[in-house]
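Architecture at a glance
One letter stands for each residue in the lines below.
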Amino acid sequence: MRSTHLPGQRNPLSARTGDLSRRTLLGALGIGAVGATVGAWPRLTGADIPGRSSTALNVAILGTSADAAARQALVEEFTSLHPDIPVRIQAIQGADWRDFFSKILTMVAAGNPPDVVYVATEGAQLFAEKLAEPLDPYLTRDAADIQEYFQDVHPSLIEAFMYRGSLYQLPLDWNAANMYLNTSALQRAGLDRPADDWNHDDFTATMRAMKSTTDGSFTPYYWTNRLFGGVVPWLYANDTSFLTEEKAAGGDWFWDRFYGQDPTRAQRSGGYLWEAPNAEDQRVIETFDYLRELVAEGLGVRPEGGGGNALVGLFASSRIGATPAGGYWVQGLHEAGMGADDFDVQFFPRWRTQRHQFGAAGYAIMRTARDKDAAWEWVKFCASKPAMELAIPSPNTTPTRRSMVNQSLYAATGPEHWKVFYDTLDRFPTSGPIPAPPQQAAVETALMKNVSVAVSGSSAQVRSAMGSLQRDLELALRSK
């Protein structure tokens, strides 16, 4: 049955979007995203939006109508358990997560917010600070119901959604920046799959061997200019980042209750904080210079903005030797014609550390939700194993539940070493989330602006670009 309203919680019908001004909401995305938002305003505020006046629980996801339809079995199962809670999935198309968040913010400012939003790590702190309802009282009340979920999910994934001592989302899928390898390229170079503890020098040698045994249409290393899978995994491996990383106090109420016996309990916190730039750190400069050398030697491309999906065809046609990506690539490579033995995956190369970067996603309850209890029932249901098995029937992402990352999930697709996906957290428990403060959009814009410049010239140009990035980040982090 649906839970009763929590003591002390605001009446769900009393929430008012007027508490959040349009200027505040759009400012949260930074100057670079406002233009896209303004251009979308007429469409997003029009009366033609499905469900505008609906009494159903409105759940917003990044995707197309086909993505919404794919969740129909999930909705039907939820409705069978909660017939008093109608649910409508609203798919919102976007070029990336930043574009999606921009549209959600515009909907809120227009007085037409969804009740629940599927939010990735890139927007977790933006939502926690401005839009989302903390789950703390629900978790405390329904601890017995939700304990099984936490027993099956690595605490690093949970900590990524803690913000200043409160938990805002239950992550359902995640992906680390592992290294995908084209096995035919390795074979042509006379190489075996690298060892688990390979380092960045081994990586360079592998890329050189691939380059020497292929023609000019082949690129040994392909990477993108964005927060996930770009320069950040290399920074993490070199024990640094372009933002200072700290951890907030608090969260003991949660960790003691749900992860008290976990061997990493002592390192858990109230969540990550990225509040100052660190672009001129010597290790940051060193990392950028290493990538510059890869580009200069023809071992890697100059990165361009955009997601990794565009690379699937290039990789499947054996025109790329290696690229960082997560488990979300597996199904795409399979559908592109790659067999289980045509590609493999390995941990990201070690440098000073072998700490990995990861991103995750889960549902956030909006502060403006008309019925937060109903929203919580949806969130809790979606975190159950039966619901997650309905939502993730194939390896187009990595489930957060350890028990679901198994041989049967990868039997038809590969790769052979699929255990790398979850072993990334077990082997390297200090692996951390995408560095995404509430000003994530402005921060990512600043990073992307300076990455291409940094890796396109001399070592002196790297230092100059890092100085520029430092100044841009200072401005970005001051934006509200």
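Here, every reference points to the structure presented above.
Chains are numbered independently. Their residues run from 1 in the order of the written sequence. Predicted model: local features are reported for residues with pLDDT of at least 70 only, side-chain atom pairs are reported and counted for 80 or more only, and whole-chain, interface and lining totals are derived from all residues. In computing side-chain values, all of the structure's heavy atoms are included and hydrogens and water are not.

**Comments concerning the overall build of the protein chain**
- A run of H or I in DSSP counts as a helix once it spans at least four residues, and a run of E counts as a strand once it spans at least two, with each numbered from the N terminus. Check the secondary structure of the protein chain and you find 22 helices and 15 strands.
- Burial analysis of the protein chain (480 residues in total) assigns 59% to the buried set.
- In the protein chain, of all internal contacts separated by at least 6 residues, the share reaching a separation of at least 24 is 81%.
- Every accessible area reported is derived by Shrake-Rupley at a probe size of 1.4 Å, with residue values counting cover from the shown protein chains alone. By element, 50% of the accessible surface of the protein chain is carried by carbon and sulfur atoms, the whole surface being about 18300 Å². Burial classes follow relative accessibility: with a 1.4 Å probe on protein chains only, a residue under 20% of its type's maximum area counts as buried, one over 50% as exposed, and anything between as partly exposed. Contacts are assigned to residue pairs with any non-hydrogen atoms lying within 4.5 Å of each other.

**Let's talk about the packing of aromatic side chains**
- Ring pairs are drawn from Phe, Tyr and Trp, using the six-membered ring of Trp, whenever the two centres fall within 6.5 Å, and their geometry is named by plane angle: stacked under 30 degrees, edge-to-face over 60, tilted for the rest. The full count for this structure, using the stated rule, is 37 aromatic pairs.
- Ring geometry for Y138 and W376: centres 5.3 Å apart, planes at 25°, overall stacked. Taken together, the residues Y138 in helix α7 (residues 136–141) and W376 in helix α17 (residues 372–382) connect sequence positions 238 residues apart. For the pair formed by Y138 and W376, the shared burial category is buried.
- Ring centres of F150 and Y259 lie 5.9 Å apart, and the angle between their planes is 70°; on these two criteria the pair is classed as edge-to-face.

**Structural notes on the pairing of strand β6 (residues 170–176)**
- Burial runs high along β6: seven of the seven residues are buried.
- Pairing between two strands is assigned when DSSP locates at least 2 bridges connecting them. Where β6 meets strand β13 (residues 357–365), six bridges bridge the pair, whose relative direction is antiparallel. Paired with P171 across the strands is G362, a residue of β13.
- Sheet topology places β6 next to strand β14 (residues 398–399); two bridges connect them, and they run antiparallel. Bridge pairing in β14 places D173 opposite P399.

**Brief notes about the side chain of Q331**
- With respect to the element layout, Q331 can be found in helix α16 (residues 329–335).
- A residue is classified by how much of its surface remains accessible, and Q331, at 14% relative accessible area, is buried.
- Dropping the residues within four chain positions of it, Q331 is found in contact with S394, P395, N396 and T413.

**Things to note about the pattern of salt bridges**
- Salt bridges are defined as contacts in which a side-chain nitrogen from Lys or Arg sits within 4 Å of a carboxyl oxygen from Asp or Glu. Overall, the coordinates contain 23 salt bridges when judged by the stated rule.
- Here D344 and R193 are joined by a salt bridge, their closest N and O atoms 3.8 Å apart. Here R193 lies in the loop between α10 (183–188) and α11 (200–212) and D344 lies in strand β12 (residues 343–346), a separation of 151 residues in the sequence.
- The residue E286 makes a salt bridge to R352 at a minimum N-O spacing of 2.7 Å.

**Let's talk about the nonpolar core**
- By nonpolar core is meant a set of buried Ala, Val, Leu, Ile, Met, Phe, Trp, Tyr and Cys residues that side-chain atoms within 4.5 Å join together. Among the nonpolar cores identified, the biggest contains 131 residues, and F150, L170 and W378 are the most heavily contacted of them.
- If we skip the residues at most four places from it in the chain, L170 touches L135, L139, I146, Y149, F150, A361, G362, Y363, W376, V379 and A383.
- Counting residues in hydrophobic clusters, the runner-up holds 21 residues, among them L105, M107, V108 and A132.

**Examining the packing of helix α21 (residues 440–454) against helix α22 (residues 459–478)**
- Here, axes are lines fitted to C-alpha atoms. For helices the fit covers the stretch in contact, and angles between N-to-C directions go from 0 to 180 degrees. Contact geometry of α21 with α22 gives a least axis separation of 9 Å together with a crossing angle of 170°. Relative to α22, the element α21 is oriented roughly antiparallel. On α22, the residues that touch A442, V443, A446, L447, K449, N450, V453 and A454 of α21 are Q461, V462, A465, M466, S468, L469, D472, L473, A476 and L477.
- Along the lines of polarity and charge, the residues of the contact of α21 with α22 split into 13 nonpolar, three polar and two charged. If an angle is under 35 degrees, it is roughly parallel; if it is over 145, roughly antiparallel; if it lies from 65 to 115, roughly perpendicular; otherwise it is oblique. The nonpolar class holds Ala, Val, Leu, Ile, Met, Phe, Trp, Tyr, Cys and Pro. Asp, Glu, Lys and Arg form the charged class, and all remaining residues, Gly among them, are polar.

**A look at α21**
- With 15 residues, α21 extends 21 Å between its outermost C-alpha atoms, agreeing within 8% with the 21 Å of an ideal straight helix rising 1.5 Å per residue.
- Of all 15 residues in α21, eleven are buried, a share of seventy percent or more.
- Buried within α21 are the following residues: Q440, A441, A442, V443, E444, A446, L447, N450, V451, S452 and A454.
- Where α21 is buried, its residues touch α5 (97–109), α6 (121–130), α14 (282–296) and α22. Each residue after the first adds 1.5 Å to the expected span of a helix.

**Points about α22**
- An ideal rise of 1.5 Å per residue puts 28 Å on 20 residues; α22 measures up with 29 Å between its terminal C-alpha atoms.
- For α22, the complete set of buried residues consists of V462, A465, M466, G467, S468, L469, Q470, D472, L473, A476 and L477.
- At its buried positions, α22 is contacted by α14 and α21.

**Quick notes on empty space enclosed by the protein**
- Put plainly, a pocket is an open set of points on a 1 Å grid over the protein atoms alone with protein on both sides within 12 Å along at least five of seven lines, a cavity is a set where a 1.4 Å probe fits but cannot get out, and a lining residue has an atom within 4 Å of a point. Grid points are joined across faces, edges and corners, and a volume is the space filled by probe spheres set on the points. Under the counting rule described, the total for this entry stands at two cavities of 30 Å³ or more.
- One number sums up the size of the largest cavity: a volume of about 50 Å³.
- In terms of lining, the largest cavity is formed by eleven residues, of which the most central are T224, R226, L311, T323 and P324.
- Looking at the lining of the largest cavity element by element, the count peaks at three residues for strand β11 (residues 320–325).
- Of the residues that constitute the lining of the largest cavity, the class distribution is six nonpolar, four polar and one charged.
- By volume, the second largest cavity amounts to about 30 Å³.
- Forming the boundary of the second largest cavity are A124, Q125, A128, A160, F161, M162, Y163, Y168 and Q169.
- With three residues, α6 is the single largest residue contributor to the lining of the second largest cavity.

**Thoughts on the sheet that holds strand β7 (residues 178–182)**
- Reading across from one edge, β8-β11-β7-β12 is the order of the four strands in this open sheet, with mixed pairing throughout. The open sheet has two edge strands, β8 (219–221) and β12, and neither has a second partner. When strand polarity is set aside, the average angle formed by the axes of neighbouring strands in this sheet is 25°.
- Looking at chain direction, β8 and β11 are connected through two bridges and run parallel. Counted as the bridge partner of T219 is I320 from β11.
- Contacts from helix α20 (residues 420–427) reach β7 and β12, with the element oriented near 145° to β7.

Interpretation note: all reported values are geometric properties and have no functional meaning in isolation.
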